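Listed here are the chains, written in short residue letters.
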Amino acid sequence: MSYNPFSLAGKTILITGASSGIGRATAIECSKLGATLIITARNEERLNETFTQLEGKGHQKIIADLTINDDIDRLANVIPPLDGLVNNAGIIKTLPIQFINENDFVNILRTNTLAPVFLTQRICKKKKYNRNASFVFISSIGGVFVTTPGNAMYGMSKNAINSFMKFTALEFAPKGIRCNSVNPGTVESPLINKGTLSQEDREKNIAKYPLKRYGQPQDVAFGIIYLLSDASAWVTGASLIIDGGLAIL
Ligand SMILES: NC(=O)c1ccc[n+]([C@@H]2O[C@H](COP(=O)([O-])OP(=O)(O)OC[C@H]3O[C@@H](n4cnc5c(N)ncnc54)[C@H](OP(=O)(O)O)[C@@H]3O)[C@@H](O)[C@H]2O)c1
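Residues numbered from 1 in each chain as written. Predicted model: local features only at pLDDT ≥ 70, side-chain atom pairs only at ≥ 80, totals over all residues.

(A) Here's a closer look at the nonpolar core. Membership of the largest hydrophobic core comes to 49 residues, with the highest contact counts inside it found for Ile13, Ile15, Leu37, Leu82, Val136 and Ile224. With residues near it in sequence (within four places) discarded, isoleucine 224 still touches Thr26, Val86, Val136 and Val182. (Core = buried A, V, L, I, M, F, W, Y, C linked by C-beta atoms within 7 Å. Buried ≥ 20, exposed ≤ 12 C-beta atoms within 10 Å, placed from the backbone. Contact = placed C-beta atoms within 7 Å.)

(B) A look at helix α3 (residues 69–78). Looking only at α3, the buried set comprises Ile72, Leu75 and Ala76. Buried residues of α3 fall within an arc of 95° about the axis and therefore sit on the same side. Those residues of α3 that are exposed and aimed more than 90 degrees away from the buried face are Asp70, Asn77 and Val78. Among the structural elements, β2 (36–41), β3 (60–63) and α4 (102–125) are those in contact with the buried residues of α3. (Helix = DSSP H or I, 4+ residues; strand = E, 2+ residues; numbered from the N terminus. Arc of directions from axis to C-beta.)

(C) Quick peek at the site of the ligand. Surrounding the ligand, one finds 29 residues, the nearest of these being Gly17, Gly21, Arg42, Asn43 and Gly90. With three residues, the single largest contributor to the shell around the ligand is helix α1 (residues 21–32). In the shell around the ligand, the residues fall into twelve nonpolar, 14 polar and three charged. (Near = placed C-beta within 6 Å. Nonpolar A, V, L, I, M, F, W, Y, C, P; charged D, E, K, R; others polar.)

(D) Examining unusual backbone geometry more closely. The phi dihedral of asparagine 132 falls on the positive side, at around 70°, and the residue is not glycine. With respect to the helices and strands, the residue asparagine 132 is situated in strand β5 (residues 129–138). Using a count of 13 C-beta atoms within 10 Å as the deciding quantity, one classes asparagine 132 as partly exposed. With a phi angle near 55°, lysine 212 is a residue other than glycine that sits in the positive phi range. Note that lysine 212 resides in the loop between α6 (199–208) and α7 (217–228). Since 10 C-beta atoms lie within 10 Å of it, lysine 212 is described here as exposed.

(E) Structural view of the sheet that holds strand β6 (residues 178–184). The seven strands lie next to each other as β3-β2-β1-β4-β5-β6-β7, forming an open sheet whose pairing is parallel. Since the sheet does not close on itself, it has two edges, and those belong to β3 and β7 (239–242), each with one partner. Adjacent strand axes in the sheet meet at a mean angle of 15°, parallel and antiparallel pairs treated alike. Across the face of the sheet, α1 comes into contact with β1 (12–16), β2, β4 (82–87) and β5 while running at roughly 165° to β1. Packed onto the sheet, helix α5 (residues 152–172) meets β5, β6 and β7 and runs at close to 160° relative to β6. (Pairing = 2+ DSSP bridges. Axes fitted to C-alpha atoms, helices over the stretch in contact; angles between N-to-C directions.)

(F) The arrangement of the pairing of β6 in detail. With seven of its seven residues buried, β6 lies for the most part within the structure. The two faces of β6 match: Arg178, Asn180, Val182 and Pro184 on one face and Cys179, Ser181 and Asn183 on the other face are all buried. Across five bridges, the pairing between β5 and β6 is parallel. What sits directly across from isoleucine 138, in β6, is valine 182.

(G) A look at the environment of isoleucine 177. In this fold, isoleucine 177 is placed in the loop between α5 and β6. Given 23 C-beta atoms within 10 Å, isoleucine 177 falls into the buried group. When sequence neighbours within four positions are dropped, the list of residues in contact with isoleucine 177 reads Tyr129, Ala133, Phe135 and Phe172.

Printed below as a string of structure tokens:
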């Protein structure tokens with residue numbers, strides 16, 4: 001049976017932060033559903049590891065540091081018109097408010113907020129999109145709910161992306177572009193090891209999840225795929241929470 005409303009066959013999709021975690025899983029799953037991928041990140045070796053796991057042909061990998069404006073411009077210049085964009089690259093640093101400093105905060109904002117804003121803007125200015133394209137922003141439940149002390153810088157950076165996503169949904173609808181966000185709870189990826197949770201805190205934290213586990217990158221990838229596919233053709237301006245039930249509480 002070939003019926004599959006979630007198919008990505010014939011779609012060209014750019015995924016940022018594809019050298020690790022959620023971005024890598026999304027790239028691999030998208031390739032299995034027929035998409036042609038352009039994957040990007042800073043670390044060549046890890047990006048190659050993703051690249052070699054992609055199914056199908058015609059994929060591209062582009063090294064870029066999205067905190068550098070020239071890299072954003074170069075990326076937007078070299079890509080073909082897109083059917084899908086996944087603004088996924090992100091970093092975290094947890095610090096109690098009294099230890100927040102400008103360097104860390106600016107770094108987080110550049111990566112998590114300014115990079116997706118300006119990459120999306122450049123792609124639109126350069127008309128690197130096809131009609132019925134879908135743009136997906138990877139936010140976080142930390143951008144919607146205040147769940148963890150020490151997460152102010154990260155939470156603010158992701159809350160701003162939720163807001164930007166809604167403006168893009170409104171402004172780009174006449175171009176036929178849909179814009180949505182995916183807001184994951186904690187997902188097992190290298191990113192969570194950059195936080196400050198001890199093993200004991202981690203176990204206590206997992207116990208709060210109704211489904212009693214953290215997510216896997218694939219759990220999030222499948223939500224992203226729904227938003228990239230034509231199955232979500234009437235969905236724009238929405239935030240899809242994927243969090244093992246944490247937000248119920
Ligand atoms: N894991 C979680 O619990 C969780 C929960 C909610 C939301 N999220 C969000 O999900 C997204 C993916 O996170 P993850 O868990 O998969 O993290 P990850 O495994 O640490 O991956 C982060 C990705 O972002 C890329 N990246 C970081 N800074 C970059 C820069 N300046 N320029 C270009 N690429 C950059 C990294 O690639 P290079 O180092 O190779 O550049 C890497 O591919 C992030 O936006 C994160 O905030 C994660």
